[in-house]
Amino acid sequence: MSEIYSIVLLTLKICIISTIISGIFATFLAFYLGLNENKFIKILKIIINAFTSLPPVIAGVFVYILFSKNGIFGKLSWLYTQKVIIIAQILIVTPIICANIYPAIEEIRNSFVETCLGLGISKFKMYRQLIKESSYSLSSALITGFGRAISEVGAVMIVGGNIRYKTRVLTSAIVLENNKGNYSMSIKLGIILMLISFGISIFAMIFSRRNDDKNKKPTS
């Protein structure tokens, strides 16, 4: 049972960290894409949307090559550590979060920018207000990103090595136990993963309903 707790805690730790870092990068990128319109932005949007369907195994192989002994970052000795798993997940999750945010920014771009210019507020205040205006889209995108991170297995196994108590997360542990024929253990881990996934979905649904109710309230 202690091993299960270790796997669950390690999974949550890695996924939360990778989602937060991805969320920061993705938000700034989404604001840039949503507030601007030119040929370069259009190409960048196509690339971002294409990367949302990037096979995780490809991301894992790419990160593996970078951090292997002969790779550019081989001297760091990060391969088969939690750090490199987080990096792989960031590559996978960032485009997904970004693609879920920038369309919402595009919808309010013209009216929002005109209002900010009319009020003469600084760029810092403008971005702070933009975060408030798009808070629902941001939260929804982060929940989606976390869900994607916690369900990842291919890249995690390639760069993490599935090392007990060090890089073994729920998905990789399920694969290992299933291959060993230890189906009772794999089922337990699978149920835990499903409960976490359902919990995320329920949280997202409740958040969405509250947001809808708030928007439906008549303004006095």
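Every value quoted in this text rests on a predicted model; they were computed, and no experiment measured them.

J.: Looking at this structure, I do not really get helix 4 (residues 82-119). What am I missing?
T.: Owing to its 3.6 residues per turn, the α-helix aligns residues three or four sequence positions apart on the same side. In this model, helix 4 (38 residues) spans only 46 Å end to end at C-alpha, well below the 56 Å of a helix rising 1.5 Å per residue. Most pronounced at arginine 109, the bend in helix 4 amounts to some 60°. Positive backbone phi, at 65°, marks glycine 120, one or two positions downstream of helix 4.

J.: Looking at this structure, I do not really get a nonpolar patch on the surface. What am I missing?
T.: The grouping of Val57, Val61, Tyr64, Ile65, Tyr80 and Ile163 at the surface amounts to a nonpolar patch, some 470 Å² of accessible area in total. Within the secondary structure layout, valine 57 lies in helix 3 (residues 56-67).

J.: How should I be thinking about the packing of aromatic side chains in this particular structure?
T.: Ring pairs (aromatic) are described by centroid distance and by the angle formed between their planes. Applying the stated criterion across every chain yields a total of four aromatic pairs. Taken together through their ring pairs, the aromatic side chains of Phe67, Phe73 and Trp78 make up a single cluster.

J.: For this particular structure, what's the right way to read the side chain of threonine 27?
T.: Structurally, the position occupied by threonine 27 is in helix 1 (residues 2-35). Take threonine 27: its relative accessible area is 16%, and that puts it in the buried class. Once residues lying within four places of it in the same chain are set aside, the contact partners of threonine 27 are Ile101 and Leu138.

J.: Quick question: what am I supposed to make of the UniProt feature "transmembrane region" (unreviewed entry) in the chain here?
T.: The UniProt feature table records "transmembrane region" (unreviewed entry) at residues 6-34, 46-67, 79-102 and 183-207. Taken as a whole, residues 79-102 contains 88% helix and 0% strand, while its terminal C-alpha atoms sit 33 Å from one another. For residues 183-207, helix accounts for 100% and strand for 0%, while the C-alpha atoms at its two ends are 36 Å apart.

J.: Where do I start with the UniProt feature "domain: ABC transmembrane type-1" (unreviewed entry) in the chain in this structure?
T.: Mapped onto the present numbering, the UniProt feature "domain: ABC transmembrane type-1" (unreviewed entry) falls at residues 8-204. In the segment residues 8-204, helix accounts for 80% and strand for 0%; the C-alpha atoms at its two ends are 21 Å apart.

J.: Would you take a moment to explain the packing of helix 1 against helix 6 (residues 135-150) for this structure?
T.: A pair of packed helices is characterised by two quantities: the angle between their axes and the separation of those axes. Running from amino to carboxyl end, helix 1 crosses helix 6 at an angle of 135°, the nearest separation of the two axes being 9 Å. It follows that helix 1 is oblique to helix 6 by the angle criterion. When the axes of helix 1 and helix 6 are compared, the crossing they make is right-handed. Here helix 1 contributes Thr11, Leu12, Cys15, Ile16, Ser18, Thr19, Gly23 and Thr27 to the contact with helix 6, which in turn contributes Leu138, Leu142, Gly145, Phe146, Ala149 and Ile150. Its residues assigned to classes, the contact of helix 1 with helix 6 comprises eight nonpolar, six polar and no charged.

Parameters at a glance
- Residues numbered from 1 in each chain as written.
- Predicted model: local features only at pLDDT ≥ 70, side-chain atom pairs only at ≥ 80, totals over all residues.
- Heavy atoms only, no water.
- Helix = DSSP H or I, 4+ residues; strand = E, 2+ residues; numbered from the N terminus.
- Expected span 1.5 Å × (residues − 1).
- Bend = angle between axes of the 7 residues up to and from the residue.
- Patch = residues over 30% accessible without salt bridge, like charges linked within 9 Å, V, L, I, M, F, W, Y side chains within 5 Å.
- Areas by Shrake-Rupley, 256 points an atom, 1.4 Å probe, with all protein chains shown as cover.
- Salt bridge = Lys/Arg side-chain N within 4 Å of Asp/Glu carboxyl O.
- Phe/Tyr/Trp six-rings, centres within 6.5 Å; stacked < 30°, edge-to-face > 60°.
- Buried < 20%, exposed > 50% of the residue type's maximum accessible area, 1.4 Å probe, protein only.
- Contact = heavy atoms within 4.5 Å.
- UniProt positions renumbered as here; feature names shortened; annotations may be inferred.
- Axes fitted to C-alpha atoms, helices over the stretch in contact; angles between N-to-C directions.
- Parallel < 35°, antiparallel > 145°, perpendicular 65-115°, else oblique.
- Left-handed = near helix turned anticlockwise from the far one by under 90°.
- Nonpolar A, V, L, I, M, F, W, Y, C, P; charged D, E, K, R; others polar.

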